[in-house]
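The lines below spell out each chain.
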Amino acid sequence: LAREMNSLSMKEREQRFEEMHGVSSFIDENPSFVRSALCELDQELASIQQKSAYHLAYSMDRSYVEDTRFRLMFLRADLFNAKKAAERLVLFFEKKLKFYGPATLVRPILMSDLCDEDITTLKSGVFQILPSRDRSGRPILFLCSNCGPKLYTS
């Protein structure tokens, strides 16, 4: 890791540290910028050919799939890179369909959607939300892979 970090330019290294510590460049989400980003996301989604779970979710509840707050989560996760956000959104629906079935596609996952092994894993403490937040105010999810039961092989 040190060798890879040292091979970066000073500017690239600083960007990585800022990303890691949650203080990367602030993006001004003014209404015009958000409209433009959402429009780009729509264009990128249209260019993705394989998106059966996305189409299923869209046919089930168009308002859920097109909700601005929902789509902004994906844009923010990829720093408003519309192509990456579109790929993430399509993958989100594919994984949600695969792991939880069609009934959950257009609503949040509930505890009642989880199997016994999922609940045992959550209760084991393997995943914890820390009481403090990072420098940007985001919650910190801690994963202790050596803790708790070994219920899954992948």
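Going by the structure above, here's the rest.
Parameters at a glance
- Residues numbered from 1 in each chain as written.
- Predicted model: local features only at pLDDT ≥ 70, side-chain atom pairs only at ≥ 80, totals over all residues.
- Heavy atoms only, no water.
- Core = buried A, V, L, I, M, F, W, Y, C linked by side-chain atoms within 4.5 Å.
- Buried < 20%, exposed > 50% of the residue type's maximum accessible area, 1.4 Å probe, protein only.
- Helix = DSSP H or I, 4+ residues; strand = E, 2+ residues; numbered from the N terminus.
- Contact = heavy atoms within 4.5 Å.
- Patch = residues over 30% accessible without salt bridge, like charges linked within 9 Å, V, L, I, M, F, W, Y side chains within 5 Å.
- Areas by Shrake-Rupley, 256 points an atom, 1.4 Å probe, with all protein chains shown as cover.
- Salt bridge = Lys/Arg side-chain N within 4 Å of Asp/Glu carboxyl O.
- Axes fitted to C-alpha atoms, helices over the stretch in contact; angles between N-to-C directions.
- Parallel < 35°, antiparallel > 145°, perpendicular 65-115°, else oblique.
- Nonpolar A, V, L, I, M, F, W, Y, C, P; charged D, E, K, R; others polar.

Visitor: Would you mind going over the nonpolar core with me for this structure?
Guide: Buried together is how nonpolar side chains tend to be arranged in soluble globular proteins. With 23 residues, the main nonpolar core has L45, L75, L89 and F93 as its most contacted residues. When residues of this core are traced back to their parent elements, those giving at least two are α3 (31–47), α4 (52–60), α5 (62–66), α6 (68–77) and α7 (82–100). If we ignore the near neighbours within four places in the chain, the residues touching L75 are A37, L38, L41, F80, N81, A82 and A85.

Visitor: How should I be thinking about a nonpolar patch on the surface in this particular structure?
Guide: Residues M111, L122, F127, I129, L141 and L143 make up a contiguous nonpolar surface patch of about 620 Å² in total accessible area. Elements with a contribution of two residues or more to the nonpolar patch: β1 (127–133) and β2 (139–143). Classification of L141 by relative accessible area gives exposed; the value is 56%.

Visitor: I tried to follow the pattern of salt bridges on my own but got confused; where do I start?
Guide: Pairs may arise between side chains of opposite charge once their charged atoms sit close together. Taken as a whole and assessed by the stated rule, the structure comprises seven salt bridges. Salt-bridge contacts for R62 lead to E66; the nearest nitrogen and oxygen are separated by 3.1 Å. Here R62 pairs with E66, and both are found in helix α5, just four residues apart, close to one helical turn. Looking at R62, the relative accessible area reads 49%, which means it is partly exposed. Linking E87 and K83 is a salt bridge whose minimum nitrogen-to-oxygen distance equals 3.6 Å. Here K83 and E87 lie together in helix α7, a separation of four residues that amounts to about one turn.

Visitor: What am I meant to see in the packing of α4 against α7 here?
Guide: A pair of packed helices is characterised by two quantities: the angle between their axes and the separation of those axes. At a minimum axis separation of 7 Å, α4 and α7 run at an interaxial angle of 80°. The angle between α4 and α7 falls in the class roughly perpendicular. In contact with S52, A53, Y54, L56 and A57 of α4, α7 contributes L89, F93, E94 and L97. Taken together, the residues of the contact of α4 with α7 sort by class into seven nonpolar, one polar and one charged.

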